Amino acid sequence: MIGKQLSRWTMAWFAAALAFLLAALGLAVLGAAGPGRWSSGPGLAVLHLFALGWLCQMMLGALIQFTPVLAARPLALARLALPALLACSFGTALLAGGFLALDGWEPGFALLAAAPLPLALAFALVGAMVAATLLAVRGWRQDAGRTVLAALLALAALWASGAGMALALSGSDIGMALLPEGVPLHVLLGVGGWLTLSAIGVSYQLFPMFLLAPDRGSRLRDAGFACALLVLGLILAGLAALLLGGGAALPLLLPLAALASAAVVALYLAEARRMWQARRRPQPELNMQWSRAALAFLALAVLLSGPALWRGGVWAEAAVFAALVGWLSTLTLAQMVKIASFLTWIQVFSPLIGRRPVPMVHELTGARAAGRWLALWAAAAAGGTAALLAGFAPGFRLAALGLLVAALGLCREAVLIRRLRHLAADRRPALLPPMILPPSPRRSDHDHPRTAGA
Ligand code: HEM
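Quick notes on the rules
Residues numbered from 1 in each chain as written. Predicted model: local features only at pLDDT ≥ 70, side-chain atom pairs only at ≥ 80, totals over all residues. Heavy atoms only, no water. Near = heavy atom within 4 Å. Polar contact = N/O pair within 3.5 Å; in protein donor to acceptor, adjacent residues only side chain to side chain. Helix = DSSP H or I, 4+ residues; strand = E, 2+ residues; numbered from the N terminus. Domains from an automatic or database assignment. Patch = residues over 30% accessible without salt bridge, like charges linked within 9 Å, V, L, I, M, F, W, Y side chains within 5 Å. Areas by Shrake-Rupley, 256 points an atom, 1.4 Å probe, with all protein chains shown as cover. Salt bridge = Lys/Arg side-chain N within 4 Å of Asp/Glu carboxyl O. Buried area = accessible area lost by both parts, 1.4 Å probe. Core = buried A, V, L, I, M, F, W, Y, C linked by side-chain atoms within 4.5 Å. Buried < 20%, exposed > 50% of the residue type's maximum accessible area, 1.4 Å probe, protein only. Contact = heavy atoms within 4.5 Å. pLDDT = per-residue confidence, 0-100. Donors = N, O, S within 2.8 Å, 3.2 Å for Na, K, Ca; no water. Tetrahedral: all angles 85-135°; square planar, octahedral: opposite > 155°, others 65-115°.

Not every one of the 24 residues close to the ligand is listed here, only the nearest: Ser39, Leu47, His48, Gly162 and His186. Interatomic distance of 2.8 Å between a side-chain N/O atom of serine 39 and an oxygen atom of the ligand. Taking histidine 48, its side chain carries an N or O atom lying 2.8 Å from a nitrogen atom of the ligand. Of all the elements in the fold, those that place two or more residues in the shell around the ligand are helix H2 (41–71), helix H3 (81–99), helix H6 (143–169) and helix H7 (183–211). At 7 residues, the largest contribution of residues to the shell around the ligand is made by H7. Counting residues domain by domain, the shell around the ligand receives three or more from each of domain 1 (1–130) and domain 2 (138–282).

Right under this line is the structure:
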């Protein structure tokens, strides 16, 4: 069960994330980022609009929605969701603007120095909600719960490394030791420790449910989690070594962390295969079909990370792109279609069960159109990875255009789902809930347990 109730601000988190996605892709189409340009001010701005504004906000919103499901109890401190969302969006915009200081925009230095504060507030608020809910039920004893808790630890370290570098770039002595050697650790924390680990944790909950596969622990999950803790330990040791002036240890720590990360991914892919083979649903739905494409990108990103570590340059650009755009974004977009349908169904139809015929969840989705947009997204992600490897800027811009068109198409699908446009008019209730903002608290079932379910 995805959740019998909708967290009040889930749709707002998703909408804000989609707005950042469109902004990042629009800027990439205009040429703000591309091969060899990721360390420039505009390149770093686009990168962080994408990583923080899109992926991170989507993940935080998803955790706020799913943690009650993992813990089988209501979310702790649920009122913090809105301030966290505002702080996260504001901090991301400040950071992106601040990066323009690197290309000579003077006011950007103040923004760079200020941005870590709202981001710290946002991460601390969501961390408090999620951790308090999971710890109350000893969530560290479940596969999904302990993975999410480890991901939150990585998020704290990611913030610390990013804040240190932002302060250093704005002219402070704090964090100076992290530049430039700390960048690979920061990237591993962001792409691997925080985003990939939380995606793994959430997928342990969602994949068995969508595939109708037995939901049980396995040795693969235990071994993967042990390797993930090893990776986190190595990265934290690397950061501590840099800050204490022991950077000489990095050439040893980094390859070890990369090797252990590859083991985490190999074990996770084996576990995903096990779940797929154990499924009782003969024809997996759209979201799971495209999750397989996302998993293929995850494997590609790990293959590219070997040469990325030794040779850097185009290999590193392609590895990070394949992970952020191919793996994490394809997975998120595919699941978003399903989750938007499910949550809309819960909001609109679960109160009507037993009173009138209600549609099935999948009838709310336009599977063919969504499938076409996801296919375009995956093709453009593959094209963008190839263009980065070849250092071919026009090819990269074309791929960014493909991604933008696919993202716009999927946004349209989300609107159609929220408005129930795939149902015949006589099957839609006269009154629909607001598209993004929560209904008034008196009318709403949000954040309150319901007895009816899907
Ligand atoms: C999931 C989240 C994040 C991801 C995936 C991510 C990714 C990256 C990547 C790939 C780079 C290197 C770009 C390059 O030079 O080629 C980078 C640099 C940087 N990041 Fe992040 N980042 C994330 C979050 C953050 C946060 C939260 C902050 C600040 C609080 C931050 C601050 C910085 C700074 C200041 C740099 C520039 C370092 C330099 O000058 O080389 N990042 N990030």
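Moving on: a nonpolar patch on the surface. Taken together, the side chains of Leu376, Leu398, Leu401 and Val405 make up a nonpolar region of the molecular surface, amounting to roughly 320 Å² of accessible area. Mapped onto the fold, leucine 398 is located in helix H13 (residues 393–418).

It is worth spelling out the domain arrangement of the protein chain at this point. As assigned here, the protein chain comprises domain 1 (1–130), domain 2 (138–282) and domain 3 (287–439). Domain 2 and domain 3 are separated by 23 Å when their C-alpha centres are compared. Regarding the contact of domain 2 and domain 3, the summed buried area is about 1600 Å², with carbon and sulfur atoms giving 91% of it. Area buried by domain 2 at its contact with domain 3 is led by Phe207, Phe210 and Trp276, which between them contribute 33% of it. At the junction of domain 2 and domain 3, the tally comes to 0 salt bridges.

If you look at the biggest cluster of nonpolar residues, it comprises 151 residues, and the most contacted ones within it are Trp13, Trp194 and Trp327. Among the elements that take part in this core, H2 stands out by supplying 18 residues, more than any other. In contact with tryptophan 13, not counting residues within four places along its chain, are Gln57, Leu60, Gly61, Ile64, Ala81, Ala84, Leu85, Cys88 and Val126. In terms of nonpolar packing, the next biggest core, distinct from the first, is built from 10 residues, Phe342, Ile346, Leu352 and Leu423 among them.

Mean pLDDT over the protein chain stands at 93; residues scoring 70 or higher make up 96%. With pLDDT under 50 throughout, residues 447–454 is counted as low confidence; its partners more than four residues away or in other chains account for 20 contacts.

Reference geometry at the metal: tetrahedral coordination by four donors gives ideal angles of 109.5 degrees; octahedral coordination by six donors gives 90 or 180 degrees. For the iron atom of the ligand, the full set of protein donor atoms is His48 (NE2) and His186 (NE2), at a range of 2.1 Å. The site at the iron atom of the ligand holds 6 donor atoms, and with the angles between them running 88 to 180°, its shape is octahedral. Residue histidine 48 is located in helix H2, and its partner histidine 186 is located in helix H7; the two are separated by 138 residues in the primary sequence. Histidine 48 gets classed as buried once you look at its relative accessible area, which sits at 14%. Residue class for histidine 186 comes out buried when judged on its relative accessible area of 15%.

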